There are 4 protein chains.
Amino acid sequence: MALLVEKTTSGREYKVKDMSQADFGRLEIELAEVEMPGLMASRSEFGPSQPFKGAKITGSLHMTIQTAVLIETLTALGAEVRWCSCNIFSTQDHAAAAIARDSAAVFAWKGETLQEYWWCTERALDWGPGGGPDLIVDDGGDTTLLIHEGVKAEEIYEKSGQFPDPDSTDNAEFKIVLSIIKEGLKTDPKRYHKMKDRVVGVSEETTTGVKRLYQMQANGTLLFPAINVNDSVTKSKFDNLYGCRHSLPDGLMRATDVMIAGKVAVVAGYGDVGKGCAAALKQAGARVIVTEIDPICALQATMEGLQVLTLEDVVSEADIFVTTTGNKDIIMLDHMKKMKNNAIVCNIGHFDNEIDMLGLETHPGVKRITIKPQTDRWVFPETNTGIIILAEGRLMNLGCATGHPSFVMSCSFTNQVIAQLELWNEKSSGKYEKKVYVLPKHLDEKVAALHLEKLGAKLTKLSKDQADYISVPVEGPYKPFHYRY
Amino acid sequence: MALLVEKTTSGREYKVKDMSQADFGRLEIELAEVEMPGLMASRSEFGPSQPFKGAKITGSLHMTIQTAVLIETLTALGAEVRWCSCNIFSTQDHAAAAIARDSAAVFAWKGETLQEYWWCTERALDWGPGGGPDLIVDDGGDTTLLIHEGVKAEEIYEKSGQFPDPDSTDNAEFKIVLSIIKEGLKTDPKRYHKMKDRVVGVSEETTTGVKRLYQMQANGTLLFPAINVNDSVTKSKFDNLYGCRHSLPDGLMRATDVMIAGKVAVVAGYGDVGKGCAAALKQAGARVIVTEIDPICALQATMEGLQVLTLEDVVSEADIFVTTTGNKDIIMLDHMKKMKNNAIVCNIGHFDNEIDMLGLETHPGVKRITIKPQTDRWVFPETNTGIIILAEGRLMNLGCATGHPSFVMSCSFTNQVIAQLELWNEKSSGKYEKKVYVLPKHLDEKVAALHLEKLGAKLTKLSKDQADYISVPVEGPYKPFHYRY
Amino acid sequence: MALLVEKTTSGREYKVKDMSQADFGRLEIELAEVEMPGLMASRSEFGPSQPFKGAKITGSLHMTIQTAVLIETLTALGAEVRWCSCNIFSTQDHAAAAIARDSAAVFAWKGETLQEYWWCTERALDWGPGGGPDLIVDDGGDTTLLIHEGVKAEEIYEKSGQFPDPDSTDNAEFKIVLSIIKEGLKTDPKRYHKMKDRVVGVSEETTTGVKRLYQMQANGTLLFPAINVNDSVTKSKFDNLYGCRHSLPDGLMRATDVMIAGKVAVVAGYGDVGKGCAAALKQAGARVIVTEIDPICALQATMEGLQVLTLEDVVSEADIFVTTTGNKDIIMLDHMKKMKNNAIVCNIGHFDNEIDMLGLETHPGVKRITIKPQTDRWVFPETNTGIIILAEGRLMNLGCATGHPSFVMSCSFTNQVIAQLELWNEKSSGKYEKKVYVLPKHLDEKVAALHLEKLGAKLTKLSKDQADYISVPVEGPYKPFHYRY
Amino acid sequence: MALLVEKTTSGREYKVKDMSQADFGRLEIELAEVEMPGLMASRSEFGPSQPFKGAKITGSLHMTIQTAVLIETLTALGAEVRWCSCNIFSTQDHAAAAIARDSAAVFAWKGETLQEYWWCTERALDWGPGGGPDLIVDDGGDTTLLIHEGVKAEEIYEKSGQFPDPDSTDNAEFKIVLSIIKEGLKTDPKRYHKMKDRVVGVSEETTTGVKRLYQMQANGTLLFPAINVNDSVTKSKFDNLYGCRHSLPDGLMRATDVMIAGKVAVVAGYGDVGKGCAAALKQAGARVIVTEIDPICALQATMEGLQVLTLEDVVSEADIFVTTTGNKDIIMLDHMKKMKNNAIVCNIGHFDNEIDMLGLETHPGVKRITIKPQTDRWVFPETNTGIIILAEGRLMNLGCATGHPSFVMSCSFTNQVIAQLELWNEKSSGKYEKKVYVLPKHLDEKVAALHLEKLGAKLTKLSKDQADYISVPVEGPYKPFHYRY
């Protein structure tokens, strides 16, 4: 796509695939609203007082229907919003169109190149002369990374006059990041400094992004406060677990129509994502084998009747491979070459480096046959048999299906709204330093409570006497910080 | 679509949506072949002797990728084939294109009108002056119905000179059937007589079709032998059960992206289809309520922890409604009006009359909003709330997803191949009278055996001593006829 | 125990372990009555008319609390009853005591020797000079066998004057049968002829007993009508499946307290019993491997995510072995010698010959350490490691626990009551010949219906129009004979 | 029982039910050792260096077979041990006998009165003139409570000369505690001060005990360091969850033989214990309804398809009630009076005050019928219907079955051994203050690792590169402190 910013009649910038899908997007957004009671309750509770009035929010998070409801919750609370996706395949184009037309500046489409991806990210960060953003909603930490790398480069440039060198790295993606920063430096050598000075804070959605934040906190390089939304119970134990339990089979079925029953499936990693995936596959009738490095998670897997082995033990007998580790180099070229014909290989963990896509792509003589978008059969010259890679090794539930369903994303995103509110409301109080925070438990419990009525659930109330007996307030929070749920 | 027959360069007739999808269809057919070991084994075993040489087969069965593998198994065994779909929404257009281009005369596309549907059926039956078909593969019995109604009308015409009167029925679909027969009568008053004289037999795929056949047998009106494929164990206890367990959530997710976990789901009917649906919904985290007329099936449901209630008891609190009964008038307009906003209503049982679509469509002031094809929101004027109807009340797994997966259809379709072979090989032996037959158990067991290796399963072998002890042959069959599995 | 018949103050004969347990038995019988709605409904419906008035019923069926409720249902309907157990370990002594004291002549205790077992069987058949029985309730067919063997021996004796020779067989149990018949011949050479002439029919409870009956029918040697209760849907698909799902883990836990989660369990056979066992073990967190001879059942196992292998493949890595086959020679000495230390081996199929107990007992140097009754550790001299055998290889759910729970036995036993009524009511009508019959479907459905209310289940009623549409009566039966549920 | 201490031939004190059961106990202990790999590995690793040489350990923890293996692990590491149970019904008398005979001073039997219970506790704490204990293993905190209350009373006595007054409390049990302290004061007014001065620390097993400890820490009244074993992941997420999943149905079946399938079961509380119970009941075929105060746990329940309601909503329609809350006054007399006849009521949470036993016992005209020990039917005079109370409202898995199985207790108890070692090794280092600690994560992971081999599980190893990528050491620990598993 030509990387030209377009404008709505009202003058708002955007770049999406097909504006004509906006009506379709709007219909699906309206369906999703019914399934996202936490967000809708936030609109009712906070909308009237317009707490985000004056706030400019940049978001980098899968531009899906569910995210559309999040964005319109932020705008309903008074914010001005610019948005990009955090994954080249995860945008739902009709969602992007509806939001671009109606609510916020969107730069996202399904199937971006890496170059396009970072262009979109930069657009979402670019609030023009008036400056911004004030707040960041991040997923995976790419926006946060760009600002931090930008600031770093500007400091070097200021001291030495040296531009960052894209050739200094082998990482194709990081090359692009450095190029963008380099170009930015040329026009404004304080661009990222101005941003970081203004940013009140970031709320981060994922394990991977949170890990980066804690590393920066440990290194003392974190430039603004961060709220770790991922580790809200109502996020990590819901979206990761129940979301993947839903969206893994959804992605498998849409991409391959394969019958899961009777198959041997390997799930690499048995964290929350792995637990959700393994549960879904087992329930669908697969025989599930787990690989794990952590003995506690491994023991949990055995207690559910799952076999725990190494990938090498089972690579040639399994039918479906799913990586969920959040680590890299899980399924390597050598593994893939030993797999059965038409074994399915996919990743629902974090980046596409869980699978050795580079090794696969550069294997001499390998042949890629695209069955349909996001579903490729790679044929090895040695055996003339092939394996099926989903979503080019990226998150398959977003690439091949529509990601997590609305209801569970409502939990996650209500945490986002509360985190953004918290950062914004406390922007001048000094409550939040340049550290990583989790939301207090009573807000976590509130998020859950907002979702119960929709399901017809009725809570029991503690008597004062009972509350005293277990030493908790009648209204909660009910659990100590270390409680694991 | 203009109802004009087209021809391939080789002169074979067809009418499909888009011939340019043939390559895509071919790729998916090749994937499916790996998942359909029973059909591929049939090609290996029977292909060399070309048993169907000279046989003209008409098929009326969902024109999907899996059916494509069935069709090409029939042609690999020597048959000439004409095909239509048995459901207006179930055709996969890329499958139809690939088969039309490469293997058989296909008349099918996704989204036929009823008029188009019966035109396609008639085309599939029309073998031209040379006559035919010799064999019928039927699903739901529409092809068989057309011939039987045609013969009936011809007899009346012969006696009385009267044409059938489309206005004699209120049933919109039957009106069309009568019109077609009427037109046929004008050109050849013996058209259906010639067909029934030639037809060696039909093999029927479904419960609904089989029920019609047994009724005709009971009435003495059955015109040719029929093999009841539906009641092969490897069909009814596999495709109905495991197929729906797979394809119900697939259809729900593709159509609505709704989170199943936490929802209240009502499954009307707890036969094999209902069992598969209830299992899938329960495993996905729904609370499932079953409605049943049969106390035995109801008791089975309770043993799985499912609540058994009437539809009236739960109509206003459930989120998802699935009909699986094979009966009519299950969910009526009055039910639908009492449902929660955005309740999902769908049918995976048989015809669209399980849901009162007519009542809905003709309800004054009702508004239909098409979210996307096969997903409609119907808004009631009384409440301004709506419900979501999938696939216009027709089979949602075919309309909203891709039907059952290849592996389980391989079981069903291997039964079809064996049934067709049996009918054809015995065409002159008198073995089959104008009755309904099921396949003998050793063939049923053979179908299962052909599917085990793909799954890595290893059978135990009986010793002669053990076989004698339980009075079965060492090689099977291992169970009495009445065994229920 | 000294084999002396005792008498109650009312003069009724009995032989039980400990009459002082009668009160305890009565309390548990009262609890069970609440869980056995089918039997209690039978008392309400039929009791007033005393249909069994004059009928003498001999029963040979596990003398448990549940059977006690059956016996007292028969007596409540007017019958006179004599009872023995059909398994040396299955009697619950408190149940036997309560019935012996209050209702019927009982000859049964937990832990009979084989000699004692057959003495009890003979006592249950001995109605004294007045003759009897009129009806037989059989489980496994031992009572039926004794009469048939008795008649055979009497015929030989009449012709040749020869007594049966216990030394003519290696089978320890059959030696005892022949001895008993021999002794009987000496006192009355027409004893068993008189019995078979009087017996109106037998209703048989189990797969194993039914198999014997069909063999006799095929051989033309069946001496009286038989009703196959086992193949009532409400028996075979309930008691075998749900009963074992309950009682297998119950037996394992009571006998060994072993944690099932995390273990590897092998289930030999995947019929209804095997399905129940595999489901229970899987749900408890074991990894379950199935062995099967029948490809259809094997394919069903794979569809549930169970691995299907041969015993040899897994004998040295599994922790728990369960036989459910109804066949013999399933787990042999050589298998047991290869097992892990403290592997648990048990049988819930039919006779103790599913496990090679003889081979184990006669293995030179083997050491048996009784942990507690029915739980033995057998130590092999070669390795000094041992395996744990439950219930001496006999039915472990009866030997180590209390058998199936009341509710599911209520289904089975209501079938028994209905079968006995049917035989008795039709004793003069000629309806039943010397063949094996199953109960008609409407009675099967009735049994189910009697159990729904207790569970709070509500049935949907067909309209006349719907019933016509699917060609069934409004009141049922709703399914064709071949329906598999 | 007469409360007289007995002595073994070697002079060790004890008081158990029946010393003749020691051999049976020893056999079961030997079986359990095979199932407790963590404890056996601890013996191998630490036994040779005798780290507990000189340590006197008092334990108050269910005196079961599994605890026997713990005790003998402590003695194998050099400790001298005195033991009592922490529950009046939980002792397995054969385990107590074997340990009393062979390894440690035991004061415990099944079915103690409260008076006897506290006598046993006092005996276990009484190390005679030489003083002791050095270390305490506690479960529920009664031993810790006795010392703390003793010290408090001694301080008052020292100041004011006043004895504690048993009549100052309505709590029957606390009356006894005060009486014991009072008697102790008379003989030695510094008895508990000497103890607390010597005690190096306590390791506490349960949620309830831990809660007390944190309260004392918060109040500043904690007298010695405490290690919270309960919150080791390998304890709380294993024993509570998987242990109860096993032992709840075990207790239900042994106590009542009730069929769980088809029943409506209410689980009060959805913490780890409740999760295990609900899973077990659901898998066994019950329809499970959860009551919860905490919206997060409630939302988790809904995601598993469980209905969340209040007890009042369902009290009259459920068949089985299980309390798991760790709170009091959950099921009150008024609830019980509204229940169905023979509804089963039991507690697996903490104390018997989860159920209003006092209200029940003192209800005018109520009748208690003991079916068998720990299984009582209570009949209400108003309705003449009854409910069934298990284990007199105390922990039903210990009262009616044998508690958690060995394997999962091996996880918990290996944590205990490690905690005791930690306290003892650091007794002079000042590492532990008068606070509550949890074990560091690497020890938690070690406990898990020790249990994997027995299950045949194989761990994957991180490469250095991968470990760096996710910023963990190659050898672990692999997760941040707040990780929830």
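Residues numbered from 1 in each chain as written. Chains lettered and ligands numbered in written order. Predicted model: local features only at pLDDT ≥ 70, side-chain atom pairs only at ≥ 80, totals over all residues. Heavy atoms only, no water.

Going by the annotation in UniProt, the name recorded for chain A is Adenosylhomocysteinase, with Lupinus luteus given as the source organism. Turning to chain A, the UniProt annotation filed under Pathway states: "Amino-acid biosynthesis; L-homocysteine biosynthesis; L-homocysteine from S-adenosyl-L-homocysteine: step 1/1." Heading Sequence similarities of the UniProt record for chain A holds this comment: "Belongs to the adenosylhomocysteinase family." (UniProt positions renumbered as here; feature names shortened; annotations may be inferred.)

This part takes up unusual backbone geometry. Between glycine 132 of chain A and the following residue, proline 133 of chain A, the backbone shows a cis peptide bond with an omega angle of 0°. Tracing the backbone through its elements, the reader meets proline 133 of chain A in the loop between helix H5 (114-125) and strand S6 (135-138). A cis amide bond links glycine 476 of chain A with the next residue in sequence, proline 477 of chain A, at an omega value of 0°. Topologically, proline 477 of chain A is positioned in the segment after helix H20 (464-469). Even without being glycine, aspartate 257 of chain B reaches a positive phi, approximately 55°. Tracing the chain through its elements places aspartate 257 of chain B in the loop between helix H11 (239-256) and strand S9 (264-268). Assessed through its relative accessible area of 8%, aspartate 257 of chain B is described here as buried. Residues other than glycine seldom take positive phi values, yet serine 471 of chain D does so here, at roughly 60°. Look at serine 471 of chain D and you get partly exposed, because its relative accessible area is 45%. (Helix = DSSP H or I, 4+ residues; strand = E, 2+ residues; numbered from the N terminus. Buried < 20%, exposed > 50% of the residue type's maximum accessible area, 1.4 Å probe, protein only.)

The subject of this paragraph is the packing of helix H6 (residues 142-160) of chain D against helix H9 (residues 207-219) of chain D. Residue and element names in this part refer to chain D. The N-to-C vectors of H6 and H9 enclose an angle of 30°; their axes lie 10 Å apart at closest approach. One way to sum up the angle between H6 and H9 is to call them roughly parallel. Classified by chirality, the crossing of H9 by H6 is left-handed. Across the interface between the two elements, Asp142, Thr144, Leu145 and His148 from H6 touch Arg212, Leu213 and Met216 from H9. Its residues assigned to classes, the contact of H6 with H9 shows three nonpolar, two polar and two charged. (Axes fitted to C-alpha atoms, helices over the stretch in contact; angles between N-to-C directions. Parallel < 35°, antiparallel > 145°, perpendicular 65-115°, else oblique. Left-handed = near helix turned anticlockwise from the far one by under 90°. Contact = heavy atoms within 4.5 Å. Nonpolar A, V, L, I, M, F, W, Y, C, P; charged D, E, K, R; others polar.)

Taking 1.5 Å of rise per residue, the 14 residues of helix H1 (residues 22-35) of chain A would be expected to cover 20 Å, and the 20 Å separating its terminal C-alpha atoms lies within 8% of that figure. If you check which residues of H1 of chain A are buried, you get Ala22, Gly25, Arg26, Glu28, Ile29, Leu31, Ala32, Glu33 and Glu35 of chain A. (Expected span 1.5 Å × (residues − 1).)

On to the interface of chain A and chain C. Counting from both sides, the interface comprises twelve residues of chain A and, opposite them, twelve residues of chain C. For the pairing of chain A and chain C, the buried interface totals around 920 Å² over both sides, and the portion due to carbon and sulfur atoms is 58%. The tally of links from chain A across to chain C stands at zero salt bridges. Where chain A packs against chain C, one counts six residue pairs in polar contact (both at pLDDT 80 or more). For the side of chain A that touches chain C, a count of residues per class yields four nonpolar, five polar and three charged. (Buried area = accessible area lost by both parts, 1.4 Å probe. Salt bridge = Lys/Arg side-chain N within 4 Å of Asp/Glu carboxyl O. Polar contact = N/O pair within 3.5 Å; in protein donor to acceptor, adjacent residues only side chain to side chain.)

To continue, consider the relation of the copies chain A and chain C. Here chain A sits on chain C after a turn of 180° about the axis and a move of 0.0 Å along it, with an RMSD of 0.0 Å. Here the symmetry operator amounts to a two-fold rotation axis. Residues of chain A ranked by C-alpha distance from the rotation axis are headed by arginine 287 of chain A, positioned 4.6 Å from it. The fraction of interface residues of chain A whose copies in chain C are also interface residues reaches 100%, indicating that both copies meet through the same surface. (Least-squares fit on C-alpha atoms with pLDDT ≥ 70 in both.)

Okay, the packing of helix H1 (residues 22-35) of chain B against helix H2 (residues 37-46) of chain B next. All names here are of chain B. Contact geometry for H1 and H2: axes closest at 6 Å, N-to-C directions at 90°. Judged on the interaxial angle alone, H2 and H1 are roughly perpendicular. On the side of H1, the interface is formed by Glu33, Val34 and Glu35, while H2 contributes Pro37, Met40 and Arg43. Counted by class, the contact of H1 with H2 contains three nonpolar, no polar and three charged residues.

Residues and elements named next belong to chain B. If you walk across this open sheet you meet the seven strands as S5-S4-S3-S6-S7-S8-S17, and the pairing is parallel. Pairing within the sheet leaves two strands with one partner each, and these edge strands are strand S5 (105-107) and strand S17 (436-437). Pairing geometry for strand S8 (residues 226-228) and S17, over two bridges, is parallel. By the bridge assignment for S17, isoleucine 227 is matched with tyrosine 437. Most of the contacts of helix H6 (residues 142-160) go to strand S6 (residues 135-138), to which it runs at about 125°, and overall it touches strand S3 (56-60), S6 and strand S7 (201-204). (Pairing = 2+ DSSP bridges.)

As a further point, take the interface of chain D and chain A. Listed by partner, the interface residues are 69 residues for chain D and 68 residues for chain A. Buried area between chain D and chain A, both sides added, is near 6300 Å², and the carbon and sulfur share of it is 60%. Between aspartate 465 of chain D and lysine 328 of chain A there is a salt bridge whose closest N-O contact spans 3.1 Å. At the level of secondary structure, the elements contributing two or more residues to the side of chain D that touches chain A comprise H9, helix H10 (233-236), helix H11 (239-256), helix H12 (272-283), helix H13 (295-303), helix H18 (406-425), helix H19 (441-452) and helix H20 (464-469) of chain D.

With that settled, consider the packing of aromatic side chains. In the structure shown here, the tally under the stated rule is 28 aromatic pairs over all chains. Where tryptophan 109 of chain A meets tryptophan 119 of chain A, the ring centres are 6.5 Å apart and the plane angle is 50°; that geometry is what we call tilted. Taken together, the positions of tryptophan 109 of chain A in the loop between strand S5 (105-107) and H5 and tryptophan 119 of chain A in helix H5 put the pair ten residues apart, joining distant regions of the chain. Side by side, tryptophan 109 of chain A and tryptophan 119 of chain A carry an identical accessibility label, which is buried. Measuring from centroid to centroid gives 4.9 Å for tyrosine 157 of chain C and phenylalanine 163 of chain C, while their planes differ by 35°, and the two rings are tilted. Members of the aromatic cluster, connected to one another through ring pairs, are Phe107, Trp109 and Trp119 of chain A. Across from the ring centre of phenylalanine 163 of chain B, 6.0 Å away, lies the NZ or CZ of lysine 186 of chain B, which sits over that ring. (Phe/Tyr/Trp six-rings, centres within 6.5 Å; stacked < 30°, edge-to-face > 60°. Lys NZ or Arg CZ within 6 Å of the ring centre and 35° of its normal.)

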